[in-house]
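Letter by letter, the chains look like this.
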Amino acid sequence: MITKLLLLSISIFLVSRLMDGIRLKGFFTAVVVAVVYSVADLFLWWLMVFFTMPLIILTFGLFVFVLNAILLWLTDQIVDDFEIKDLQTTFIASLIISAINLVLTVIFY
């Protein structure tokens, strides 16, 4: 679990360095963002999936990326030292974070 949080933190930190629309104070803030994102994911993910299941089915699962962006936006609202410029940046960052996290998970697991 700690390894997954660390890998997510690295993903968030890398995306903040790659994209101009994301402001992150430092790596410790990336760890805090990863923890808040994981807690929001733990408590809200299945509820959001339940209510959006028809959209997920209609889009062949692609609507899940929108749900990830919503969780990232929620994390942006909660953590003070983490800011995302706009909705488009949030969606793109969500996609890149998911991709980097997937690659890091494959490498380290």
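Placed above this text is the structure.
Basis of the calculations
Residues numbered from 1 in each chain as written. Predicted model: local features only at pLDDT ≥ 70, side-chain atom pairs only at ≥ 80, totals over all residues. Heavy atoms only, no water. Helix = DSSP H or I, 4+ residues; strand = E, 2+ residues; numbered from the N terminus. Rg over C-alpha atoms; globule rule 2.2 N^0.38 Å. Contact = heavy atoms within 4.5 Å. Lys, Arg positive; Asp, Glu negative; His and termini not counted. Charge placed at Lys NZ, Arg CZ, Asp CG, Glu CD. Core = buried A, V, L, I, M, F, W, Y, C linked by side-chain atoms within 4.5 Å. Buried < 20%, exposed > 50% of the residue type's maximum accessible area, 1.4 Å probe, protein only. Expected span 1.5 Å × (residues − 1). Arc of directions from axis to C-beta. Axes fitted to C-alpha atoms, helices over the stretch in contact; angles between N-to-C directions. Parallel < 35°, antiparallel > 145°, perpendicular 65-115°, else oblique. Left-handed = near helix turned anticlockwise from the far one by under 90°. Salt bridge = Lys/Arg side-chain N within 4 Å of Asp/Glu carboxyl O.

## Let's talk about the overall build of the chain
Here is step 1 of the chain: The helix and strand inventory of the chain stands at four helices and two strands.
Here is step 2 of the chain: By the compact-globule yardstick of 13 Å for 109 residues, the chain fits well, its C-alpha radius of gyration being 13 Å.
Here is step 3 of the chain: Overall, the C-alpha framework of the chain stretches about 40 × 35 × 25 Å when taken along its three principal axes.
Here is step 4 of the chain: For the chain, the proportion of contacts with a sequence separation of at least 24, taken over those separated by at least 6, is 63%.
Here is step 5 of the chain: Computed over 5 positive and 7 negative side-chain charges, the separation of the two mean positions in the chain equals 6 Å.

## With respect to the nonpolar core
Here is step 1 of the chain: Counting residues in each nonpolar core, the largest one holds 28 residues, and the members touching the most others are I12, V15, I22, L67, L72 and F82.
Here is step 2 of the chain: Within the residue set of this core, elements represented by two or more residues are α1 (2-18), β1 (22-24), α2 (27-58), α3 (63-78), β2 (82-84) and α4 (87-108).
Here is step 3 of the chain: Element by element, the count of residues in this core is highest for α2, at 10 residues.
Here is step 4 of the chain: Other than its neighbours up to four places away in sequence, L72 contacts Y37, F82, I84, T90, A93, S94 and I97.

## Things to note about α4
Here is step 1 of the chain: Taking 1.5 Å of rise per residue, the 22 residues of α4 would be expected to cover 32 Å, and the 31 Å separating its terminal C-alpha atoms lies within 8% of that figure.
Here is step 2 of the chain: Residues of α4 that are buried include every one of T89, T90, A93, S94, I97, I100 and L104, and no others. Buried residues of α4 fall within an arc of 150 degrees about the axis and therefore sit on the same side. For α4, the exposed residues lying more than 90 degrees away from the buried face are Q88, L102 and V106.

## Some points on the packing of α1 against α2
Here is step 1 of the chain: Look at α1 against α2: their axes get within 8 Å of each other, and the N-to-C directions meet at 120 degrees. When the axis of α1 is compared with that of α2, the two are oblique. As for how α1 packs across α2, the hand of that crossing is right-handed. Seen from α1, the contacting residues are L5, L6, L8, S9, I10, I12 and F13; seen from α2, they are F27, A30, V31, V33, A34, V35, Y37 and S38.

## Thoughts on the pattern of salt bridges
Here is step 1 of the chain: Across all of its chains, the model carries one salt bridge by this definition.
Here is step 2 of the chain: A salt bridge links R23 to E83; the nearest nitrogen and oxygen atoms lie 3.1 Å apart. Of this pair, R23 sits in strand β1 while E83 sits in strand β2, and the two are 60 residues apart along the sequence.
Here is step 3 of the chain: Under the relative-accessibility criterion, R23 is labelled partly exposed at 38%.

## Details of the side chain of T52
Here is step 1 of the chain: Looking at the secondary structure, you find T52 in helix α2.
Here is step 2 of the chain: The contact partners of T52, leaving out residues within four places of it in the chain, are F63 and L67.

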